[in-house]
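Examining the three-dimensional arrangement
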2 protein chains.
Amino acid sequence: MQETLDDAAAVDDALSLPDHIASRIRTMAIKGELSPGQRLSEVRLAGDLGVSRNTLREAFRLLTRERLVHHQPNRGVFVAVPTMAAILDIYRVRRMIEVPALARAWHRHEAVSTMRACVVSSQAARDRHDWQGVGSANMGFHSAIVALADSPRLNGFYRQVAAELRLAFGLLDDPEQLHEPFIAQNAAILAAIDRGDCEAAAGILAVYLDHSERTVLTAFARIEHGAGPAPGL
Amino acid sequence: MQETLDDAAAVDDALSLPDHIASRIRTMAIKGELSPGQRLSEVRLAGDLGVSRNTLREAFRLLTRERLVHHQPNRGVFVAVPTMAAILDIYRVRRMIEVPALARAWHRHEAVSTMRACVVSSQAARDRHDWQGVGSANMGFHSAIVALADSPRLNGFYRQVAAELRLAFGLLDDPEQLHEPFIAQNAAILAAIDRGDCEAAAGILAVYLDHSERTVLTAFARIEHGAGPAPGL
DNA sequence: GTCCCCCGCATTGTTCAACAAAAAATATTT
DNA sequence: AAATATTTTTTGTTGAACAATGCGGGGGAC
């Protein structure tokens, strides 16, 4: 929310400037302020963000590696356009990571309290019709599931993939259809964990992922065929 | 100042210069030309590689994200020092990715021929006592296993993790102990795939990973306690 | 009118020089 | 010798500069 103040805004001391800039661009992309396929001019964006071209280029390299942005040599960088293949791949990865993490979880892991907090926060966000907030809380819930595995590398990888998925979400029109039905399921997963039945929790999660994937894919197919099938690239 | 540009497919026109520089540093780290914990001076390395500081910094950002290098703000970047925790995490990730990929493989996937080529190449390398080559072929074999899953994201993630593991390998003294016993097992995995028995292949792989992990961990423990644990970092 | 080539223009790719800020190293004082 | 002040080195970031590449437009040729 405070991103409108450019320079004097809250500066993350821990993060270096290029990381911070990358983070801002990531947020813009997730919030839908950048349309997929759009070209990101170096001079323009550098000016808008108040940094030099070199710094912006470092941020671009990060985002390219995260697949949030696509780099064509000597042509520039473009906001990634989500594909059906990408969505399928992302859900495959999610299944491969989340389900075993939940199935083999220790039911008193600290991440469980994060999960609980996310469930509460998603319900609150729903009550005030803040669908963006519901989405964030939902994503936080699933990040916490991955955190159950105690693997820094898996956590980092999942964060990337989740960001890419949220970019795809931005294309869809009705965000409530997307996340609302899953709040209850998240609570059910949490309840299963609480009573120590990780297998049941993993089962619910698997169903959740199937359901979510189908929802996203159908919505996406509707967009792809209905609305403009996008500029050539 | 183009010094020896021969080693292993040096010039990649498709890649941008920072990517290329990152790749060279990565190769140096894997080959053991960079010792873990060593500080990488920007001016010095930029001069050695014949690029500007800015370009080198872009490469550093890539490598930092890959965990091959560690960045301390206002202090510089250091070659990552492998930890026991890191090795444990890497093998956990490998198990999570490789075993399902193999178990659910289609036995006529194009990656199978890559696997075959790697087996042949590793045997040839062993015959000429080229342990570096054996290591490369072995890693190629396992990358091909991951490729069976047809997931670009998984492939990319695995490539990172594999590079990190090879950095850890560089610390160990006797490379033949590391890879030699596994050439035969790779061949066995391939044979199982060829006769369509993916479950058996996955079983051999799981045993392989346990065995490999134990070997690396014990060698690593010997190093850590025996040789100087030295740099306080 | 359509096609093609050539030329100018905008953008990216890369380097260099400069300076602020932080850390490390050194000298100075007590 | 310890603590502090000062110098030096290194990183962090910027701005300008220039080559190289891609894009679009205009002018001929048919």
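What this report covers is the structure whose coordinates are included nearby. (Residues numbered from 1 in each chain as written. Chains lettered and ligands numbered in written order. Predicted model: local features only at pLDDT ≥ 70, side-chain atom pairs only at ≥ 80, totals over all residues. Heavy atoms only, no water.)

Right, let's get into the overall build of chain A. The helix and strand inventory of chain A stands at nine helices and three strands. Going residue by residue from the N terminus, the α and β elements of chain A occur as α-β-α-α-β-β-α-α-α-α-α-α. Taking 233 residues into account, the globule formula puts the C-alpha radius of gyration at 17 Å, and chain A, at 19 Å, falls close to it. Its C-alpha atoms give chain A principal-axis dimensions of about 55 × 45 × 35 Å. Expressed as a percentage of the 233 residues in chain A, the buried residues total 47%. As displayed, chain A offers around 11,400 Å² of accessible surface, 54% of which is attributable to carbon and sulfur atoms. (Helix = DSSP H or I, 4+ residues; strand = E, 2+ residues; numbered from the N terminus. Rg over C-alpha atoms; globule rule 2.2 N^0.38 Å. Buried < 20%, exposed > 50% of the residue type's maximum accessible area, 1.4 Å probe, protein only. Areas by Shrake-Rupley, 256 points an atom, 1.4 Å probe, with all protein chains shown as cover.)

On to the environment of Arg94 of chain B. Residues and elements named next belong to chain B. The residue Arg94 is located in helix H4 (residues 84-103) in this model. For the pair Arg94 and Val134, spaced 40 residues apart in the sequence, the C-alpha separation amounts to 19 Å. Aside from chain neighbours lying at most four places away, what touches Arg94 is Val99, His142, Tyr158, Leu165, Tyr208 and Leu209. (Contact = heavy atoms within 4.5 Å.)

Once that is clear, we can look at the sheet that holds strand S1 (residues 39-40) of chain B. One key point about sheets: their strands pair by backbone hydrogen bonds, in either a parallel or an antiparallel sense. All names here are of chain B. Judged by pairing direction, the sheet is antiparallel, and its three strands sit side by side in the order S1-S3-S2 without closing on themselves. For this open sheet the edge positions go to S1 and strand S2 (69-72), each flanked by a neighbour on one side alone. Across four bridges, the pairing between S2 and strand S3 (residues 76-79) is antiparallel. Each bridged residue has a counterpart across the sheet, and for Val69 the counterpart in S3 is Val79. Against the sheet, helix H3 (residues 53-65) contacts S1, S2 and S3, and its axis sits at roughly 110° relative to S2. (Pairing = 2+ DSSP bridges. Axes fitted to C-alpha atoms, helices over the stretch in contact; angles between N-to-C directions.)

Here the focus is the environment of Ala103 of chain A. Residues and elements named next belong to chain A. For Ala103, the location among the structural elements is in helix H4 (residues 84-103). When its relative accessible area of 24% is taken as the criterion, Ala103 is described as partly exposed. Setting aside chain neighbours within four positions, we find Ala103 in contact with Cys198, Glu199 and Ala202.

It is worth spelling out the relation of the copies chain A and chain B at this point. For the pair chain A and chain B, the best superposition has an RMSD of 0.0 Å and corresponds to a rotation of 180° with a translation of 0.0 Å parallel to the axis. The transformation just described matches what one would write down for a two-fold rotation axis. The position closest to the rotation axis in chain A is occupied by the C-alpha of Glu58 of chain A, lying 2.7 Å away. Of all interface residues in chain A, 100% are interface residues in chain B too; the two copies therefore contact each other through one and the same surface. (Least-squares fit on C-alpha atoms with pLDDT ≥ 70 in both.)

Moving on: the nonpolar core. Grouped together as the largest cluster of nonpolar side chains are 86 residues, with contacts concentrated most on Leu102 and Met115 of chain A together with Leu102 and Met115 of chain B. Not counting residues within four places of it along the chain, the set of residues in contact with Met115 of chain B comprises Phe141, Ala144, Ile145, Leu148, Ile189 and Leu190 of chain B. (Core = buried A, V, L, I, M, F, W, Y, C linked by side-chain atoms within 4.5 Å.)

Per the stated rule, a full pass over the model turns up 36 salt bridges over all chains. Its salt-bridge partner being Arg61 of chain B, residue Asp19 of chain A comes within 3.8 Å of it at the nearest N-O pair. Remark: Arg61 of chain B occurs in helix H3 and Asp19 of chain A occurs in helix H1 (residues 17-30); the pair is interchain, linking two chains. Looking at Asp19 of chain A, the relative accessible area reads 21%, which means it is partly exposed. With relative accessibility at 9%, the residue Arg61 of chain B sits in the buried group. (Salt bridge = Lys/Arg side-chain N within 4 Å of Asp/Glu carboxyl O.)

Attention now goes to the sheet that holds strand S3 (residues 76-79) of chain A. Residues and elements named next belong to chain A. Here three strands make up an open sheet; going across it, the order is S1-S3-S2 and the pairing antiparallel. Strands with a single pairing partner mark the edges of an open sheet, and in this sheet they are strand S1 (39-40) and strand S2 (69-72). Packing of helix H3 (residues 53-65) onto the sheet brings it into contact with S1, S2 and S3, and relative to S2 it is tilted by some 110°.

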